[in-house]
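Next come the chains, spelled out residue by residue.
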Amino acid sequence: DTGVSQDPRHKITKRGQNVTFRCDPISEHNRLYWYRQTLGQGPEFLTYFQNEAQLEKSRLLSDRFSAERPKGSFSTLEIQRTEQGDSAMYLCASSPRTGGGGELFFGEGSRLTVL
Amino acid sequence: EDQVTQSPEALRLQEGESSSLNCSYTVSGLRGLFWYRQDPGKGPEFLFTLYSAGEEKEKERLKATLTKKESFLHITAPKPEDSATYLCAVRPGYALNFGKGTSLLVTP
């Protein structure tokens, strides 16, 4: 399977704990995006990487959230001191270029439940 | 701020009953209007990109059209497998801003 891979698919944690999600994009894609989606809502943009550079961050991304993409390959999204409001599906997407057809290739997401 | 509003929120059709989904947008300088399909528990899947008013694109039973203020996703003779949430999005910067989606249910 050469699609976008996300791990873990499901995570249940207690409030106050830290969690980390990993995304492996399609190998030749140098653009990588993180989104968050709650029930009944569309995906909300969190952050964007071009290669290893984090070029855009949403105002939604509080100080408790940090994302990295070392060496421009896989990416991690860490949430520190989780809150119940962080419960959501965290989606990763990649694309081969900007200014193109706007086709983002999404993974199946990591669902976070904060108790 | 660039915004996307989709209607209706939910739509139930009988198999074969054609209809349209609406996406209204406000954006300073359109750099594409995008349609995606999302199945439950899955990530969105790309359908179309439209760039200018009057443009149309088709894929099987789906046709997307674009005006200066809105886009329509027309579904002709839908089948139960067309049941999904349909999302539209605009791109104000590097990333896409999505609407809340229209949840479509097609019954046999």
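Residues numbered from 1 in each chain as written. Chains lettered and ligands numbered in written order. Predicted model: local features only at pLDDT ≥ 70, side-chain atom pairs only at ≥ 80, totals over all residues. Heavy atoms only, no water.

Details of the sheet that holds strand β6 (residues 56-59) of chain B
Residues and elements named next belong to chain B.
And step 1. The five strands lie next to each other as β1-β3-β8-β7-β6, forming an open sheet whose pairing is antiparallel. The open sheet has two edge strands, β1 (3-7) and β6, and neither has a second partner. When strand polarity is set aside, the average angle formed by the axes of neighbouring strands in this sheet is 15°.
And step 2. As paired strands, β6 and strand β7 (residues 62-66) are joined by four bridges and run antiparallel to one another. Directly across from glutamate 56, in β7, lies its bridge partner threonine 65. (Pairing = 2+ DSSP bridges. Helix = DSSP H or I, 4+ residues; strand = E, 2+ residues; numbered from the N terminus. Axes fitted to C-alpha atoms, helices over the stretch in contact; angles between N-to-C directions.)

Some details on the nonpolar core
And step 1. Membership of the largest hydrophobic core comes to 22 residues, with the highest contact counts inside it found for B:Leu33, B:Trp35, B:Leu73 and B:Tyr86.
And step 2. Broken down by element, the residue count for this core peaks at four residues, all from strand β9 (residues 84-90) of chain B.
And step 3. Setting aside anything within four residues of it in sequence, one finds B:Leu33 in contact with B:Cys23, B:Tyr25, B:Phe48, B:Thr49, B:Leu50, B:Leu66, B:Ser71, B:Cys88, B:Ala89 and B:Val90.
And step 4. Listed in part, the 19 residues of the second largest apolar core include A:Val4, A:Phe21, A:Leu46 and A:Ala67. (Core = buried A, V, L, I, M, F, W, Y, C linked by side-chain atoms within 4.5 Å. Buried < 20%, exposed > 50% of the residue type's maximum accessible area, 1.4 Å probe, protein only. Contact = heavy atoms within 4.5 Å.)

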